[in-house]
Amino acid sequence: MMSDDIETRRCELQQSLDAQKTQKQRNLMGQFATPYPLACDIMKRMRQLCACGNTISLLEPSVGLGAFLSAFHNVFGNKAGHALGFEIDSHYYEPAKALWQEQDIDLRNADFLTVTPDNAYDMIVANPPYVRHHHIDTDTKQSLRNDVKEYCGINISGLAGLYCHFMILSTKWLREGGLSCWLVPCEFMEVNYGKAVKEFLIHSVELLSIHRFLATDVQFADALVSSCVVIFRKVRPKTNYQILFSEGGSVSAPERQMLIDSQTLSVEEKWTSRFNDNTNSTETDTGGTTARLGDFFTVKRGIATGDNHFFILDSATIEKYSIPRKFLVPVLPSPRYFKANSVSGCNDGLLDTDSQLFLFNCDLDESTLKASYPTVWQYVRQGEEREVNKRYICSRRTPWYSCEKREPAPFIMPYMGRGESSKQIFRFILNDSNAITTNVYLLLYPKKSYARYIADKSTRSKVWNVLNSISKTRLMNSGRVYGGGLYKLEPKELMDLPVPEMTKILKPQTKVVQLALF
Ligand SMILES: C[S@@+](CC[C@H](N)C(=O)[O-])C[C@H]1O[C@@H](n2cnc3c(N)ncnc32)[C@H](O)[C@@H]1O
């Protein structure tokens with residue numbers, strides 16, 4: 001049996017060994033350890049899947065200091081059998097060897113991907129190195145691609161990261177019927193190079209489940225936000241079988257899950273969209289109803305000025321016409337010129353930027369304006385000379401230069417986005433200033449019952465994280481696409497957007513159902 005002492009020592013060692021390396025060095029070798037609570041959660045899931053009463057043997061192909069070895073002993077107890085671990089870097093291998101010497105654990109200082117299997121294991125659990133393809137030298141990459149082709153007949157792209165090769169080639173070390181579990185980036189589900197992995201998972205083995213972490217699963221470090229846990233069994237797959245897709249909560253007790261027929265999953269599609277898929281799935285989520293953004297927010301377009309050239313003022317124009325502050329409302333620049341994801345307010349709630357813009361907004365009629373603020377009246381007159389007052393929106397207002405009054409909103413979203421290469425099409429901007437916006441943005445106003453909670457800075461920041469964690473696919477599916485990959489979302493479409501993850505922070509208000517008595 002392993003003592004708690006080993007885990008305490010392992011944690012301390014992890015910290016000091018990691019600290020001796022630069023971030024760049026750790027990136028090059030994919031050296032980011034699994035947090036112990038997560039390792040235990042993953043092992044618990046594996047324990048649920050290992051129904052047999054025998055002891056289980058474990059292979060850890062990229063063992064580091066052995067977070068999974070520790071979790072294996074903790075969760076499997078006396079069912080934890082022999083374990084084998086590989087570690088390429090002696091910086092971690094030597095201390096790991098010393099740490100685990102008294103256990104039934106064989107540790108080898110080697111490149112796992114070059115070793116020929118000499119045994120067959122019941123289970124593999126791994127957090128492989130996330131080394132990107134451009135850090136793998138050409139010869140190694142070619143030899144790995146040949147190995148994959150030879151093992152399962154799949155052509156893997158030269159752009160595949162090292163973790164893809166680990167997932168596929170390690171299967172040689174599993175006994176028939178053995179289980180394999182991988183903490184890997186979600187990326188393979190979305191990008192081209194991931195096709196080989198998807199093909200392998202549905203056609204060469206039996207994919208059991210994929211659990212995706214959400215940005216709100218705060219118990220995990222940031223690096224794991226876009227990670228998932230993939231579990232498969234080494235058996236020839238049936239023509240059709242069901243795969244569990246889950247997200248939120250923990251791996252062993254997910255918050256939301258759906259079953260997907262393997263036959264309907266194609267290697268061409270982005271599997272991440274399946275996590276939001278209501279078709280062909282058995283879904284459980286927040287009490288049987290899906291929370292929508294409109295349950296928490298009223299979404300409105302920003303102000304339609306009628307002529308931004310006239311109504312949006314820079315400091316030079318304000319100075320030239322001595323326009324007093326009371327006729328000016330801070331306004332965000334257009335998204336084309338405003339790339340930040342948050343806006344902080346400084347004194348007076350103004351934007352914390354050098355290029356502050358203002359919306360001109362005045363209710364005074366022209367004669368009062370002329371008498372009390374002659375320079376401002378001049379500005380209005382020069383607008384009339386340009387016939388701004390005759391424009392559709394302006395002509396329907398009295399006076400024509402008085403815009404709609406608007407409160408600042410805590411969250412703002414540009415209503416258009418381009419899809420091509422960017423990871424994110426739509427971004428939610430956290431607005432801590434008094435700025436409002438023109439109609440190229442959508443403004444999210446908390447419903448009355450949530451305003452108090454969202455006024456709290458930390459809650460506001462959590463809500464903002466949730467908004468930005470909403471997948472690109474889900475947002476795309478809710479809006480419309482125009483030529484050239486331009487996506488747009490209207491207020492109603494955004495209010496209809498499913499946001500089950502928001503219920504972790506804001507509880508949906510129960511609707512009062514009135515029963516009529518006859
Ligand atoms: C993401 S870390 C995970 C460590 C450990 N399994 C955990 O979960 O904390 C990956 C580890 O694999 C090691 N590694 C990288 N390439 C390897 C290779 N080709 N063979 C064996 N180990 C390798 C790295 O040095 C690193 O310690």
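Up top is the structure.
Because the structure is predicted, anything quoted here is derived from the model rather than measured.

(A) Region of interest: the site of the ligand. Inspection of the region around the ligand gives 24 residues, with Thr34, Glu60, Ser62, Glu87 and Asp111 positioned closest. With respect to the ligand, the backbone of Ile88 contributes an N or O atom lying 3.3 Å from a nitrogen atom. At 2.8 Å, a side-chain N or O of Asp111 approaches a nitrogen atom of the ligand. Alone, the ligand offers 590 Å² of accessible surface; in the complex the protein occludes 96% of this. Its residues assigned to classes, the shell around the ligand comprises 14 nonpolar, six polar and four charged.

(B) Local environment of the sheet that holds strand S2 (residues 80-86). The sheet built from nine strands is open, its strands ordered S3-S2-S1-S4-S5-S7-S6-S8-S9 with mixed pairing. The open sheet terminates on both sides in strands that have one partner only, identified here as strand S3 (105-108) and strand S9 (254-261). Each strand axis lies, on average, 15° off the axis of its neighbour in the sheet, ignoring direction. As paired strands, strand S6 (residues 206-212) and strand S7 (residues 227-233) are joined by six bridges and run antiparallel to one another. When the sheet's bridge partners are listed, Glu206 is paired in S7 with Arg233. Each of S6, S7 and strand S8 (242-249) is contacted by helix H8 (residues 195-204), which is oriented at about 35° to S7, the strand it contacts most.

(C) How the structure looks around the environment of Ile88. If you trace the backbone, Ile88 turns up in the loop between S2 and helix H5 (90-99). C-alpha of Ile88 to C-alpha of Ala110: the two residues are 22 residues apart in sequence and 4.7 Å apart in space. Once residues within four sequence positions are removed from consideration, Ile88 is found in contact with Met29, Asn109, Ala110 and Asp111.

How each quantity is defined
- Residues numbered from 1 in each chain as written.
- Predicted model: local features only at pLDDT ≥ 70, side-chain atom pairs only at ≥ 80, totals over all residues.
- Heavy atoms only, no water.
- Near = heavy atom within 4 Å.
- Polar contact = N/O pair within 3.5 Å; in protein donor to acceptor, adjacent residues only side chain to side chain.
- Areas by Shrake-Rupley, 256 points an atom, 1.4 Å probe, with all protein chains shown as cover.
- Nonpolar A, V, L, I, M, F, W, Y, C, P; charged D, E, K, R; others polar.
- Pairing = 2+ DSSP bridges.
- Helix = DSSP H or I, 4+ residues; strand = E, 2+ residues; numbered from the N terminus.
- Axes fitted to C-alpha atoms, helices over the stretch in contact; angles between N-to-C directions.
- Contact = heavy atoms within 4.5 Å.

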